Amino acid sequence: MFRFLLIPFLLFPLLTFAVELRGTGDLGVVIERATGSILIIETTHKKIISKVEGLGDLSHASVVFSRDERFAYVFGRDGGLTKVDILESKIVNRIMQSGNSIGGAISQDGKIIAVSNYTPGGVKLFDSETLEQLAEIPAIYGEQNQTSKTVGLVDAPNQKFVTSVFEANEIWLIDAKESKNPKVQKFKNVGKLPYDALISNEGRYYIAGLFGEDGLALLDLWYPEQGVQKIVSTLKKEDEKLPIFKMPHLEGFGVAGDYIFVPAVGRHEILVIDKKTWQEIKRIPVSGQPIFIRVRPDQRQMWVNFALPNNEKVQVLDIETLQIIKTLEVGKAVLHLEFTPRGEEIWLSVRDENKLVVYNTETLLETATLPADKPSGIFLTVRAHYIGL
Amino acid sequence: MKIYCLIGLLLSILTIANAISPNREIELKNFLEQDCGSCHGMTLQGGLGTPLTPQALLDKSNDYLKTIILYGKPTTAMPAWKSLLTEQEVDFIIQMLRQGK
């Protein structure tokens, strides 16, 4: 009898712990690239909640979120695809889906995870609940059936994905409405070596940067029958390109109103493109070769980081005037930057100083520093509800 | 003959060791792991760039590797590092690659 009375008392602390409910809208994931671990962060109180280990080689990694913002899908360099429950800080599923991968995307309805692979090159589709493989699209091209790496994979409206096929000089539009039998529409000769791509915020324009030549390749997803068009390649400058110490990244975050901001490959410049005419409006000289260009959610500012040897700096630009407002000396090897959902703060990862730094975006002053082991990408759950992220 | 080779090797190792400060060596190790690792993978198994494991480099001479690192590989994403690394630093990096460090 006594024993039965004791049980509710013993359970009481457990129960109170279990009912501590919380949402995930102010959470995020930081990649610790050298240790194969991730940090789960909370941006309201600027703190690290937990560390999750055992995610393999994260030397190049990216993350997408389930649309309930509870699960993070982490794409690792070694081909690992890991599903992490960020509320419980644990791995719920992990598969090795290829030998070498570069990133991934989640479908419009949240049910399909697509992964972009280098070896063997191609795109694979997985069930987002079980990580069961649904389909494989090998990146085979040309008459000799060569294989290629795939890059710049994004989701697009109407259950589609778009990817660039690096060595093949192609862009592929993947219709995944029948997830086990996707249809692929191939656009050939889009330009030399498309290295990454972005999709504009409304999901209409897919733009791939070209590594092998000047300019960008544009696909209007409302009118794919019009094919891929080469843009801003006519205004080539005659000056010699600098060696490219790090591949720049293109992101939907680089779009503000009619402006699209992209890194000028091999130059210390940001290209400003007008979305109405697809003409280059301006080249803004900056302190290094831009890697990430991030527009603040209110679209009044953009922040940019740089490749070696200028990767200790971050520059803040005013979008109305296209002028630099401030150059910040943040620390050695600033790899990534991510705004809080409405942009009052920005989180930066400083790899070689093993820290995350938070700045207020109005005062441009540091508001917090948090320890992290060789941090790279920072991904907040707000990404769950944006097309192309 | 063998002994001369050995002395030569020791001397060259010594000159490399003399020329690069311990601090710079740490920086270069970090550089290899992190910055080369961005493209070649942190375990150097390859990525956008080719694998750089000792096994993968068996048929590549030091001169070849040095040329590629200093001057880059045209039509690929491999840049010329000569503005950031001295020749001696490149030798040190090749030495680390050979040892699989």
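Heads up: these notes are all about the structure in this document. Bear in mind that the values here come from a model prediction, so they are computed numbers and not experimental data.

What counts and how
Residues numbered from 1 in each chain as written. Chains lettered and ligands numbered in written order. Predicted model: local features only at pLDDT ≥ 70, side-chain atom pairs only at ≥ 80, totals over all residues. Heavy atoms only, no water. Salt bridge = Lys/Arg side-chain N within 4 Å of Asp/Glu carboxyl O. Helix = DSSP H or I, 4+ residues; strand = E, 2+ residues; numbered from the N terminus. Buried < 20%, exposed > 50% of the residue type's maximum accessible area, 1.4 Å probe, protein only. Core = buried A, V, L, I, M, F, W, Y, C linked by side-chain atoms within 4.5 Å. Bend = angle between axes of the 7 residues up to and from the residue. Contact = heavy atoms within 4.5 Å.

### Describing the pattern of salt bridges
Oppositely charged side chains may form a pair once their charged atoms are brought near each other.
Residues and elements named next belong to chain A.
Link 1 in the chain: Considering all chains together, one arrives at 30 salt bridges over all chains under this definition.
Link 2 in the chain: For E338, the salt bridge identified is with R294, shortest N-O distance 3.1 Å. Residue E338 is located in strand β30 (residues 334-339), and its partner R294 is located in strand β26 (residues 290-295); the two are separated by 44 residues in the primary sequence.
Link 3 in the chain: Two residues, D298 and R296, come together in a salt bridge whose shortest N-O distance is 2.8 Å.
Link 4 in the chain: For D298, a relative accessible area of 45% gives the class partly exposed.
Link 5 in the chain: You can call R296 buried: its relative accessible area is 4%.
Link 6 in the chain: Put simply, R70, D85, E88 and K90 are held in one network by salt bridges that share partners.

### Some points on the nonpolar core
Link 1 in the chain: If you look at the biggest cluster of nonpolar residues, it comprises 27 residues, and the most contacted ones within it are I207, F211, I260, V262 and W278 of chain A.
Link 2 in the chain: At the level of elements, β18 (194-199), β19 (205-210), β20 (216-220), β23 (259-263) and β24 (269-274) of chain A are the ones that each hand at least two residues to this core.
Link 3 in the chain: Counting residues in each nonpolar core, the second largest holds 21 residues, with F31, L32, W81 and V90 of chain B among its members.

### Quick look at helix α2 (residues 22-40) of chain B
Residues and elements named next belong to chain B.
Link 1 in the chain: At F31, α2 is deflected by roughly 35°, the largest bend along its length.
Link 2 in the chain: Of all the residues in α2, the buried ones are L28, N30, F31, L32, Q34, D35, C36, G37, S38 and H40.
Link 3 in the chain: Residues of α2 that are buried in the fold lie against α4 (87-99).
Link 4 in the chain: Where α2 ends, the next residue or the one after it, G41, has phi of about 85°, a positive value.

Any functional reading would require information that these geometric values do not contain.
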